[in-house]
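Examining the three-dimensional arrangement
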Amino acid sequence: MSRTVLITGASSGFGQLAAKRFQREGWNVVATMRSPEKDQELGNLNNVVVTQLDVTDTESISDAVRLAVEAFGTIDVLVNNAGYGGHAVFEQATDADIRAMYDTNVFGVMNVARAVLPLMRKQKSGCVINVTSMAGLIAAPTISVYASSKHAVEGLTEGMAYDYKPLGIRVKSVLPGAYPTTRFNSNTNDELRSGDDQLVEHAEVLHSHLQEVAEQMASQGGDVADPQEVADKIFECATSDTPIHNPVGSDAEMIVEMLQSGTRQDFINQFEQMVLPKSTGE
Ligand SMILES: NC(=O)c1ccc[n+]([C@@H]2O[C@H](COP(=O)([O-])OP(=O)(O)OC[C@H]3O[C@@H](n4cnc5c(N)ncnc54)[C@H](OP(=O)(O)O)[C@@H]3O)[C@@H](O)[C@H]2O)c1
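Since we're looking at a predicted model, the values are computed, not measured. (Residues numbered from 1 in each chain as written. Predicted model: local features only at pLDDT ≥ 70, side-chain atom pairs only at ≥ 80, totals over all residues. Heavy atoms only, no water.)

Quick word on the pattern of salt bridges
All chains considered together, the criterion is met by six salt bridges. For Arg66, the salt bridge goes to Asp63, with nearest N and O atoms at 3.1 Å. Remark: Asp63 and Arg66 occur in helix H2 (residues 58–72); sequence separation between them is three residues, near one turn of the helix. Each of the salt bridges in this network shares a partner with another, and the network as a whole consists of Arg21, Glu25 and Asp232. (Salt bridge = Lys/Arg side-chain N within 4 Å of Asp/Glu carboxyl O. Helix = DSSP H or I, 4+ residues; strand = E, 2+ residues; numbered from the N terminus.)

Quick word on the packing of helix H3 (residues 95–123) against helix H4 (residues 144–164)
Their axes nearest at 9 Å, the elements H3 and H4 cross at an angle of 15°. Our classification of the angle between H3 and H4 gives roughly parallel. The way H3 lies across H4 gives a crossing that is right-handed. Side by side, H3 and H4 meet where Ile98, Met101, Tyr102, Asn105, Val106, Val109, Met110, Ala113, Leu117 and Arg121 of the first sit next to Val145, Tyr146, Ser148, Ser149, Lys150, Ala152, Val153, Leu156, Met160 and Tyr164 of the second. (Axes fitted to C-alpha atoms, helices over the stretch in contact; angles between N-to-C directions. Parallel < 35°, antiparallel > 145°, perpendicular 65-115°, else oblique. Left-handed = near helix turned anticlockwise from the far one by under 90°. Contact = heavy atoms within 4.5 Å.)

A short note on the packing of aromatic side chains
For the coordinates displayed, the defined rule picks out five aromatic pairs. Look at Trp27 and Phe235: their rings are 6.3 Å apart centre to centre, the planes differ by 70°, and that puts the pair in the edge-to-face class. Here Phe235 lies in helix H6 (residues 228–239) and Trp27 lies in the loop between helix H1 (13–24) and strand E2 (28–33), a separation of 208 residues in the sequence. Classification of Trp27 as buried rests on a relative accessible area of 6%. We classify Phe235 as buried; its relative accessible area is 9%. Look at Phe267 and Phe271: their rings are 5.0 Å apart centre to centre, the planes differ by 20°, and that puts the pair in the stacked class. Of the two residues, Phe267 and Phe271 both sit in helix H8 (residues 264–275), four residues apart, roughly one turn of that helix. Across the pair, exposure class does not vary: Phe267 and Phe271 are buried alike. (Phe/Tyr/Trp six-rings, centres within 6.5 Å; stacked < 30°, edge-to-face > 60°. Buried < 20%, exposed > 50% of the residue type's maximum accessible area, 1.4 Å probe, protein only.)

What to know about a negative patch on the surface
On the surface, a cluster of negative charge is made up of Glu91, Asp196, Asp197, Glu201 and Glu204. Take Glu204: it is sitting in helix H5 (residues 197–218). Among the residues examined, Glu204 registers a relative accessible area of 43% and is labelled partly exposed. (Patch = residues over 30% accessible without salt bridge, like charges linked within 9 Å, V, L, I, M, F, W, Y side chains within 5 Å. Areas by Shrake-Rupley, 256 points an atom, 1.4 Å probe, with all protein chains shown as cover. Lys, Arg positive; Asp, Glu negative; His and termini not counted. Charge placed at Lys NZ, Arg CZ, Asp CG, Glu CD.)

Brief notes about the packing of H2 against H3
Packed helices, taken two at a time, are described by the angle between their axes plus the distance between the axes. It is the contact of H2 with H3, at a shortest axis distance of 9 Å, that shows an interaxial angle of 30°. Here H2 lies roughly parallel to H3, going by the angle between them. Considering how the two elements wind past one another, H2 and H3 form a crossing that is right-handed. Counted together, Thr58, Ile61, Val65 and Val69 of H2 and Asn111, Val112, Ala115, Val116 and Leu119 of H3 form the full contact between these two elements.

Notes on the pairing of strand E6 (residues 169–176)
Of all eight residues that make up E6, seven are buried, and the element is covered over most of its length. Of the pairings in the sheet, the one linking strand E5 (residues 126–131) to E6 comprises six bridges and is parallel in character. Across the sheet, residue Cys127 finds its bridge partner in E6, namely Arg170. Read from E5 through H4 to E6, the crossover connection turns out right-handed. The pairing of E6 with strand E7 (residues 245–248) spans four bridges and is classified as parallel. By the bridge assignment for E7, Leu175 is matched with Pro247. (Pairing = 2+ DSSP bridges. Right-handed = clockwise from strand over helix to strand, strands pointing away.)

A few points about the pairing of strand E4 (residues 77–80)
Burial of E4 is two-sided: the residues Val77 and Val79 facing one way and the residues Leu78 and Asn80 facing the other way are all buried. Inspection of the sheet shows strand E1 (residues 4–7) paired to E4 by three bridges, in the parallel sense. Bridged to Ile7 within E4 is Val79. Pairing analysis gives four bridges linking E4 to E5, with the strands arranged parallel. Residue pairing across strands places Val77 opposite Cys127, the latter belonging to E5. Crossover connection from E4 via H3 to parallel E5: handedness right-handed.

Re the side chain of Thr132
Mapped onto the secondary structure, Thr132 falls in the loop between E5 and H4. A polar atom in the side chain of Thr132 sits 2.7 Å from the side chain of Glu154. Discounting chain neighbours no more than four positions away, the residues touching Thr132 are Tyr146, Lys150, Val153, Glu154, Ser173, Val174, Leu175 and Pro176. (Polar contact = N/O pair within 3.5 Å; in protein donor to acceptor, adjacent residues only side chain to side chain.)

Observations concerning the nonpolar core
Within the largest apolar cluster, 29 residues are counted, with the highest numbers of intra-cluster contacts made by Ile7, Phe22 and Ile234. In terms of residue count, H6 provides more of this core than any other element does, six residues in total. Setting aside its immediate chain neighbours within four residues, Ile234 contacts Ala18, Phe22, Val79, Ile129, Val131 and Val174. Counting 23 residues, the second largest nonpolar core, distinct from the first, contains Ala68, Ala82, Val116 and Met160. (Core = buried A, V, L, I, M, F, W, Y, C linked by side-chain atoms within 4.5 Å.)

Printed below as a string of structure tokens:
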């Protein structure tokens, strides 16, 4: 019998690619998104149900889970993929900006997991895959708030993996490096322009340098990083015995290697030379 995956944030990027990969492999797919009326692809595929789910709206979550069970009987794999990033020096992010990001990136993951885990406990099997980021393992200039949200989900994932292993449920994370997905890298970054002149100028210098470094790191083989790699890693995590934390991407591999070659402070000393422009780091 086919297995069933429910994916959040399936309107674009990794979520949409993962939905297609699972479908190609013969899975039932519940592709959830905030605005399903905009979908032009997934709804036309066999064994795919496209439905509305906003990870900050618990009613939409229970409706989507109910629909999944009605359509396919249960949910075997949950992919918590919905999320967003943004660049700002810490003081440029308002309390409202930070809470909104946490509502999606952190509480959103918890909301959906809370709705799906009772099904998995009942069947004594299942897999929850949280799409975090390499920013869940390290940080960089202008992403302190985003990195803190993804660090939170990395901790959540590891703790939940202990909680649920005895019940037959695996909990894992996929940590992508930088990938050119539809909207993730085209954020308007309005926050970078807020605050006093010193902050705005400082933020612009940090951000433009980081963009250059990130692009170089993400295309180390000479090619632009392919988001399909992340969708494939998600599928691998759902179907194989992978570790709990799963970095993906050539930049991610380079960072992991750097982290393993010395102490955490050794890493920070080395990484700082790369990500801080020379004039501000001295
Ligand atoms: N691309 C990268 O370089 C990168 C690197 C590391 C980690 N990530 C992570 O990968 C995940 C997917 O991002 P992506 O790169 O594929 O970007 P993307 O194309 O912008 O996809 C993000 C998805 O999240 C959805 N979303 C945002 N807020 C939501 C909410 N409240 N409820 C439900 N869905 C919501 C978006 O839906 P709408 O269409 O409704 O906006 C969209 O479908 C995110 O968690 C992101 O943090 C991305």
